[in-house]
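Residues per chain are reported as follows:
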Amino acid sequence: MKKIIITSALLLASLISCNTTTHLSDEELDRISWSAFCKEFGYNEQADRNNDQAINDYLDAWRGSVSEGEAFAKLGITQCF
């Protein structure tokens, strides 16, 4: 019984935190991710927007990486799925 109560409380807490979080659009998350990537790898956010090497580095080394997740966490952005 104690285990069920604790599990229920944790589940409820996680649901409340997801519902009270401001939801960002995919475009906003992409923009934030690109900005953090450029700062981390030394690219110019505006000038390298169409740079094939920068885009490849972003997709290969940054997108979905632990570093990207840490950058979001530093900004207080959490994603609930």
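Conventions used here
- Residues numbered from 1 in each chain as written.
- Predicted model: local features only at pLDDT ≥ 70, side-chain atom pairs only at ≥ 80, totals over all residues.
- Heavy atoms only, no water.
- Helix = DSSP H or I, 4+ residues; strand = E, 2+ residues; numbered from the N terminus.
- Areas by Shrake-Rupley, 256 points an atom, 1.4 Å probe, with all protein chains shown as cover.
- Salt bridge = Lys/Arg side-chain N within 4 Å of Asp/Glu carboxyl O.
- Buried < 20%, exposed > 50% of the residue type's maximum accessible area, 1.4 Å probe, protein only.
- Axes fitted to C-alpha atoms, helices over the stretch in contact; angles between N-to-C directions.
- Parallel < 35°, antiparallel > 145°, perpendicular 65-115°, else oblique.
- Contact = heavy atoms within 4.5 Å.
- Core = buried A, V, L, I, M, F, W, Y, C linked by side-chain atoms within 4.5 Å.

(A) Quick look at the overall build of the protein. Within the protein one finds four helices and zero strands. Starting at the N terminus and walking to the C terminus, you meet the elements of the protein as α-α-α-α. Of the roughly 6300 Å² that the protein leaves accessible, carbon and sulfur atoms contribute 57%.

(B) Region of the structure containing the pattern of salt bridges. In the structure shown here, the tally under the stated rule is two salt bridges. Of the charged contacts, one joins Asp-30 and Arg-63 as a salt bridge, the two residues approaching to 2.8 Å between their closest N and O atoms. With a gap of 33 residues between them, Asp-30 in helix α2 (residues 26–41) and Arg-63 in the loop between α3 (52–62) and α4 (66–74) connect regions that are remote in the sequence. Classification of Asp-30 by relative accessible area gives partly exposed; the value is 33%. With a relative accessible area of 38%, Arg-63 lands in the partly exposed category. Of the charged contacts, one joins Glu-68 and Arg-63 as a salt bridge, the two residues approaching to 3.7 Å between their closest N and O atoms. When its relative accessible area of 7% is taken as the criterion, Glu-68 is described as buried.

(C) Representation of the packing of α2 against α3 in the model. It is the contact of α2 with α3, at a shortest axis distance of 11 Å, that shows an interaxial angle of 100°. Viewed along their axes, α2 and α3 adopt a mutual orientation that is roughly perpendicular. Of the residues in α3, those in contact with Asp-30, Ser-33, Trp-34, Ala-36, Phe-37, Glu-40 and Phe-41 of α2 are Ala-54, Ile-55, Asp-57, Tyr-58, Ala-61 and Trp-62.

(D) Here's a closer look at the nonpolar core. Listed in full, the nine residues of the largest apolar core are Trp-34, Ala-36, Phe-37, Cys-38, Tyr-43, Ala-54, Tyr-58, Trp-62 and Ala-71. Secondary-structure elements contributing two or more residues to this core are α2 and α3. It is α2 that contributes the most residues to this core, four residues altogether. With near-sequence residues (within four places) excluded, Ala-54 lies in contact with Trp-34, Phe-37, Tyr-43 and Asp-48.

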